[in-house]
Amino acid sequence: MESQDELVKTTPLHHRLALGVRRAGQVLLDQLYPPVCLSCDAPTGTADTLCAKCFAALRPITAPLCPVLGLPFEVALGPDTLSAEAIADPPPFERARAALVYNDLAGTLVSRLKYGDRPELARFCARLMAGAGHELWAGKPILVPVPLHPARLRERRYNQSAELALQLAKLTGLDCELGLVRRVKKTRQQVGLSGDGRARNVAGAFAVDIERLARRAGRRLVLIDDVYTTGATCKALVRALKKSGVEHIDVMSFARVVIATEMPI
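Residues numbered from 1 in each chain as written. Predicted model: local features only at pLDDT ≥ 70, side-chain atom pairs only at ≥ 80, totals over all residues. Heavy atoms only, no water.

Draft legend 1. Summary view of the packing of helix α5 (residues 104-115) against helix α6 (residues 121-132). Relative orientation of the contacting elements α5 and α6 amounts to 135°, with a least axis distance of 10 Å. Viewed along their axes, α5 and α6 adopt a mutual orientation that is oblique. Our pair here, α5 against α6, has a crossing hand that is left-handed. Facing Leu109, Arg112 and Leu113 of α5, the residues of α6 in contact are Leu121, Ala122 and Phe124. (Axes fitted to C-alpha atoms, helices over the stretch in contact; angles between N-to-C directions. Helix = DSSP H or I, 4+ residues; strand = E, 2+ residues; numbered from the N terminus. Parallel < 35°, antiparallel > 145°, perpendicular 65-115°, else oblique. Left-handed = near helix turned anticlockwise from the far one by under 90°. Contact = heavy atoms within 4.5 Å.)

Draft legend 2. Expanded view of the environment of Ala138. The topology assignment puts Ala138 in the loop between α6 and β2 (142-145). Taking C-alpha positions, Ala138 is 9.8 Å from Arg220, a pair spaced 82 residues apart along the chain.

Draft legend 3. Fine view of the packing of aromatic side chains. Applying the stated rule across the entire model yields two aromatic pairs. Residues Phe93 and Tyr228 carry aromatic rings whose centres are separated by 6.3 Å and whose planes lie at 85° to one another, so their mutual orientation is edge-to-face. One end of the pair, Phe93, is in the loop between α4 (84-88) and β1 (95-101); the other, Tyr228, is in strand β6 (residues 221-228), with 135 residues separating them in the sequence. Tyr228 carries the same exposure label as Phe93, and that label is buried. (Phe/Tyr/Trp six-rings, centres within 6.5 Å; stacked < 30°, edge-to-face > 60°. Buried < 20%, exposed > 50% of the residue type's maximum accessible area, 1.4 Å probe, protein only.)

Draft legend 4. Structural view of the pairing of strand β7 (residues 249-256). Taking burial as the measure, the eight residues of β7 include eight buried ones, the bulk of the element. Judged from the six bridges that link them, β1 and β7 form a sheet pairing that is parallel. The partner of Ala98 across the bridge, within β7, is Ser253. As paired elements, β6 and β7 share seven bridges and run parallel to each other. (Pairing = 2+ DSSP bridges.)

Draft legend 5. Structural view of the environment of Phe55. Tracing the chain through its elements places Phe55 in helix α3 (residues 52-56). A C-alpha to C-alpha distance of 9.3 Å links Phe55 and Ser39, two positions 16 residues apart in sequence. Beyond its immediate chain neighbours, meaning those up to four positions away, Phe55 contacts Leu50, Phe124 and Leu128.

Draft legend 6. The sheet that holds β6, seen in detail. Read from one edge to the other, the open sheet built from five strands follows the order β1-β7-β6-β2-β3, with strand pairing classed as parallel. Lying at the two open borders of the sheet, with one neighbouring strand each, are β1 and β3 (175-176). Strand direction decides the pairing type here: β2 and β6, joined by four bridges, are parallel. In the strand pairing of β6, Pro145 is matched with Ile224. In this fold α5 packs onto β1, β6 and β7, with an angle of close to 110° to the strand it touches most, β7. Packing against the sheet, helix α8 (residues 160-172) makes contact with β2, β3 and β6, and its axis sits at approximately 125° to β6.

Draft legend 7. Region of interest: the pairing of β2. Judged by which residues are buried, β2 turns out to be covered on both faces: Ile142 and Val144 on one side and Leu143 and Pro145 on the other are all buried. Sheet topology places β2 next to β3; two bridges connect them, and they run parallel. Among the inter-strand pairings, Leu143 is bridged to a residue of β3, identified as Cys176.

Listed below in structure tokens is the structure:
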């Protein structure tokens, strides 16, 4: 492995100059605008992170968990033990994973990313997602963000799921396909709807670009979203993709709603 000095010597001069300019610019920005916590604005040592107090308020989802839905278990009862929800209502996708349990702090971050014109929050969220979804990255799948309807995209200026997918692509080296699926039905907000209401709301909402899909034939897909609540949106999207011939689809979200610690049966 080359040392740092050797790497510098073998790097073209214009690349070294550009790197130096970027570093100087970052130092200047840090002096003018010292980095602060993404949640409470307390000073932090680096940008795009949380202070220690806020970070401690997050609830990471780690093993043991349901191998299908990614729901956390209180105790480990074997790698193939499914949650009650996965048995009672098997999803159309293979696996779902999330970085965090959706709580007040996770909700604040999602709200700021989604509605607060803070796309830079995706960098922090994606770092947590990259680690939590490590088992999904094998085989170089394609990352596909849950799309927004064009009217809603104009209102928000960006799609938070696309921002997450692009940041994940940078961290994992995976391909990201933004135009593979379109949202053709302007659905109402899912907040406040029942599980059945959410499913009806997104039924028929997605259309697959068959030509793009043909160029990616045989590749596994990982859908990227900010929050997994009942899974209605992801399930509708998965069904549209499977109807178009995709065989293997996983789901990765920043946070997921866990009503209670779900015990296996």
